[in-house]
Amino acid sequence: MTESPWFSFVHCADLHLDSPFEGLHALEPDIAQVLRRATFQAFDNIIDLAVKEKAAFLIVAGDVYDSAHRSLSAQLRFRESLRRAAEAGVQCFVAHGNHDPLSGWEAELALPEGVHRFGGDRVEQFAVRQGDEILARVYGISYPTREIKDNLVPRFPRKVDGPFAIGVLHGNVGGDPNHDNYAPCSLSDLVSCPMDYWALGHIHNARILREEAPCVVYPGTPQGRNVRETGARGCFLVRVDAGGRPVPEFVPTDTVRWFVETLDISALDNLNDLLEELARLKEDIRTRAAGRGAVWRLSLTGRGRLHTLLRKLDLERDLTQPLREGEAGQTAFVWLESTFLRTRPPVDLARRRQMQDFIGDLLRAADHLRHDPDPPRVLQEVLSRRPEHRLLAVRLAQLASGDWLTLLEEAESLALDLLLEEEED
Ligand SMILES: [Mn+2]
C-alpha cells in the first residue's frame, strides 16, 4: 500500500476468554500453564497490535467469555487489557454474543474510560472522534439472552451519518451449519444496509465474506482452543484509506497453534524409518508454528508392512510419549496430543489380481477400466444407471479426467479394505 491510511482499527471476536483446551490429557505442568493462559495472551497480543499500529479503535464482536457464568478473574483480566488499550488512546467497542449474553452473571465492574459496551435493547451508536473530527460511527447490539433467533439486521439504521459507518453484529450469515443459527441473516441483508464495514462475530474461522463496499468480515477465534480450530488464528487490522475504502489485513495472534497431521506408512520399511519420519514431521511443525507453541494430532495411514507391528504397540506409551520428550519447558514446544492408527495391512496386489475369487474379479475389473482409452466415459455410463445419478450428475460433470482416475483408485482401495477386513487377524 503506497497511500497512507486515513485511520485504522482492529476487529476481533470470539475471544472465549478462560475457555479450557479440549481433549488434552497428561499435560506437563509447564505446557498446561501456557494453554491455560493462551486465550488471555491472544487478547493481549490484539491490544499490543492496536497500540503499536496506533489504531483509532478496537472492536470486539461478541463472545468475550466462554460461558454466561464467567469467572471473576476473566472479567478482571479483560477489563485490564481494555484499560491498557484505552490509556494508549485506542477506544474500545464491545458487543456480547450467545456465549456471554448480558443476562449472564457479571461482577459490577465499572468499564474504563474510553470503553463502550453495546446494550441489548436496540442498536446503539457511538461516534469515534479524533480531536474535533469524527472518524467513524460504530453501530451495534449485544445479545440480551443466549438464544437470539431473530434477524437483527433490520434493527440497524437505513440511513447513517458520515463519514464511515461500521456495523457490529454477532450472528450466522448465510446459515453456516457448523454454528448455531443465532441472529441469522443473509449476505444481501448486510449489503442492503448502508454500512462501510460489517464487523462480525460467531463463526470461528476467519473469513472475508465480501471485499468491496460494504466489506464483510469474520475474524474467527484469536486462539484455537481445540482440534477443530487448527491453523493460524488472529484478528483483522483494517486500514481505511483516504477514499474511505477499508482494507483488512489478517494478523495472527495465537500463542499456541493446532495442527492435524497424517503420515502415510506405505513407503516405510521399519520402525526406525517411521521414527525418523516422525522426528522430521515434528520439526516441520515447529518451523510452521513460527516461534509459538504447537499442539498436534497424528494419524498414521496407508497400507504397508509396518501395520502389523504398529497394531502390537501400545501407541500412547511407545510412540506418543517418546515424541513428547523434551518439549515441556520450551517456548516453541511441539506437543503431540494423540495418535490414531488408521493403517491397513499390506497386500500383494499382483498376486491377488491373479486369484479366481471375488477380490480377484474386483481388481481385474478396476485394472481393465484403468487401461480403457476413455475411463471417464465408461464410469459415467455405469453411474448413469444408478438411481443416485440424478443427485450426482451436476457434480460429476465438473470432474476432470484426472479426478475420475483418483476416484477409481479410491473406490478400488476402499472396496479392497472392506473385503479384506474378514481376512485380518
Ligand atoms: Mn463464539
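This text follows the structure it describes.
Remember, it's a predicted structure, so these values are computed and weren't measured experimentally.

(A) Quick peek at the overall build of the protein. Looking only at helices and strands, the protein has 11 helices and 15 strands in total. Taken along the three principal axes of its C-alpha coordinates, the protein extends 85 × 55 × 45 Å. Considering the protein as a whole, with its 425 residues, one finds that 33% of them fall into the buried category. In the protein, the proportion of contacts linking residues at least 24 apart, taken out of those at least 6 apart, comes to 70%.

(B) Layout of the sheet that holds strand β11 (residues 234–240). The mixed open sheet is built from 6 strands, whose spatial order is β4-β3-β2-β1-β11-β12. With one partner strand each, in any of the chains shown, β4 (115–117) and β12 (246–252) form the two edges of the open sheet. The sheet shows a mean angle of 20° between the axes of neighbouring strands, taken without regard to direction. Here strand β1 (residues 7–12) pairs with strand β2 (residues 57–61) via 4 bridges, running parallel.

(C) Broad picture of the nonpolar core. Formed by 90 residues in total, the largest nonpolar core has its most connected members in Leu 58 and Val 168. Built from parts of two domains, this core gets at least three residues from each of domain 1 (7–252) and domain 2 (256–344). When near neighbours in sequence (up to four residues on either side) are disregarded, Leu 58 contacts Phe 9, Val 10, Ala 50, Ala 85, Val 90 and Cys 92.

(D) Representation of the packing of helix α9 (residues 375–384) against helix α11 (residues 401–420) within the structure. Remark: α9 packs on α11, axes separated minimally by 9 Å, with the N-to-C direction vectors making an angle of 60°. Between α9 and α11 lies a crossing whose hand is left-handed. Together, Pro 375, Pro 376 and Leu 379 of α9 and Ser 401, Trp 404, Leu 405 and Leu 408 of α11 make up the contact between the two elements. For the contact of α9 with α11, the class distribution of residues is 6 nonpolar, 1 polar and no charged.

(E) Examining the sheet that holds strand β7 (residues 165–170) more closely. With respect to topology, 6 strands assemble into an open sheet ordered β5-β6-β7-β8-β10-β9, the strand pairing being mixed. The sheet is open, and its two edges are formed by β5 (124–130) and β9 (207–210), each paired on a single side. The average undirected angle you get between the axes of adjacent strands in this sheet is 20°. The pairing of strand β8 (residues 197–201) with strand β10 (residues 215–218) spans 3 bridges and is classified as parallel. Note on β10: the bridge partner recorded for Trp 198 is Val 216.

(F) Representation of the pairing of strand β6 (residues 133–140) in the model. Where β5 meets β6, 7 bridges bridge the pair, whose relative direction is antiparallel. The partner of Val 128 across the bridge, within β6, is Ala 136. Taking the residues between adjacent antiparallel strands as the criterion, β5 and β6 are bridged by 2 residues, where Gly 131 takes a positive phi near 65°. Direction of pairing for β6 relative to β7: parallel, over a ladder of 4 bridges. Considered in β7, the bridge of Val 138 is made with Ile 166.

(G) Quick peek at the environment of Thr 343. With respect to the helices and strands, Thr 343 occurs in strand β15 (residues 334–344). On the basis of neighbour counts, which here come to 23 C-beta atoms within 10 Å, the residue Thr 343 falls in the buried class. A sequence separation of 43 residues divides Thr 343 from Leu 300, and the C-alpha atoms of the two residues are 6.0 Å apart. With sequence-adjacent residues up to four places away left out, Thr 343 is seen in contact with Ile 265, Leu 300, Thr 301, Gly 302, Gly 304, Leu 306, His 307 and Leu 310.

(H) Focus on the environment of Leu 306. For Leu 306, the location among the structural elements is in helix α5 (residues 306–312). On the neighbour-count criterion, Leu 306 (21 C-beta atoms within 10 Å) is buried. In sequence terms Leu 306 and Ala 267 are 39 residues apart; their C-alpha atoms lie 9.5 Å from each other. Discounting residues that sit within four places of it in the chain, Leu 306 has contacts with Ile 265, Leu 268, Leu 274 and Thr 343.

(I) Spotlight on unusual backbone geometry. A cis amide bond links Ala 213 with the next residue in sequence, Pro 214, at an omega value of -10°. Position of Pro 214 among the secondary structure elements: in the loop between β9 and β10. Positive phi, close to 70°, is recorded for Asp 18, a residue that is not glycine. Its location among the elements puts Asp 18 in the loop between β1 and α1 (29–52). What makes Asp 18 buried here is the crowd of 20 C-beta atoms within 10 Å. Its identity is not glycine, yet Ala 183 carries a phi of approximately 40°, on the positive side. By secondary structure assignment, the location of Ala 183 is in the loop between β7 and α3 (187–191).

Criteria and cut-off values
- Residues numbered from 1 in each chain as written.
- Predicted model: local features only at pLDDT ≥ 70, side-chain atom pairs only at ≥ 80, totals over all residues.
- Helix = DSSP H or I, 4+ residues; strand = E, 2+ residues; numbered from the N terminus.
- Buried ≥ 20, exposed ≤ 12 C-beta atoms within 10 Å, placed from the backbone.
- Contact = placed C-beta atoms within 7 Å.
- Pairing = 2+ DSSP bridges.
- Axes fitted to C-alpha atoms, helices over the stretch in contact; angles between N-to-C directions.
- Core = buried A, V, L, I, M, F, W, Y, C linked by C-beta atoms within 7 Å.
- Domains from an automatic or database assignment.
- Left-handed = near helix turned anticlockwise from the far one by under 90°.
- Nonpolar A, V, L, I, M, F, W, Y, C, P; charged D, E, K, R; others polar.

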